[in-house]
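The chain contents come next:
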Amino acid sequence: MFFVPLIDINQAMREAKEELLSEINRDMKDLQQRVHKSLARKDLSKISDLRNAMGALKDEIEIVHKIPTWPWQPDTLRNLFTPLLIPILVYLVQRFLGGILGL
């Protein structure tokens, strides 16, 4: 019951992230077409502005890729499950050593 809403939230966040990326990709294609048109017309005065805009879009793509799609920090699950696994590991080691040593 606890994870069902989280899965829905994850799905919504992934869809929003994909929408952002597709919007950025559309802008990137538009800029590339404008660069090619400027080169074809031998109008090099706008090239530096277009390159700056492409750099900004590339930075934006990197930022969007780094956005997590789970509604918690990645270390949260590790911090939650580590204390839960310690007693299980101790029990398994006890059983293993008890079987070997005949205790």
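What you see is a predicted model, and the numbers here were worked out from it, not measured in a lab.

Visitor: Please provide a residue-by-residue account of unusual backbone geometry, values included.
Guide: Positive phi, normally seen in glycine, also occurs at K42, with a value near 60 degrees. Examined against the element boundaries, K42 turns out to sit in the loop between α1 (3-40) and α2 (47-66). You can call K42 exposed: its relative accessible area is 71%.

Visitor: Before we move on, can you summarise the pattern of salt bridges with the specific residues and values?
Guide: Tallied over the entire structure, the rule returns 1 salt bridge. As a salt-bridge pair, E19 and R26 come within 3.8 Å of each other at their nearest N and O atoms.

Visitor: Tell me what's going on with α2, and back it up with residues and numbers.
Guide: With 20 residues, α2 should reach 28 Å at 1.5 Å per residue; the first-to-last C-alpha distance of 29 Å fits that figure. Along α2, the positions that sit buried rather than exposed are I47, L50, M54, L57, I61 and V64. One side of α2 carries all its buried residues, which in axial view fall inside an arc of 100 degrees. Exposed side chains of α2 directed beyond 90 degrees from the buried face belong to D49, N52, I63 and K66.

Each value, and the rule that gives it
Residues numbered from 1 in each chain as written. Predicted model: local features only at pLDDT ≥ 70, side-chain atom pairs only at ≥ 80, totals over all residues. Heavy atoms only, no water. Helix = DSSP H or I, 4+ residues; strand = E, 2+ residues; numbered from the N terminus. Buried < 20%, exposed > 50% of the residue type's maximum accessible area, 1.4 Å probe, protein only. Salt bridge = Lys/Arg side-chain N within 4 Å of Asp/Glu carboxyl O. Expected span 1.5 Å × (residues − 1). Arc of directions from axis to C-beta.

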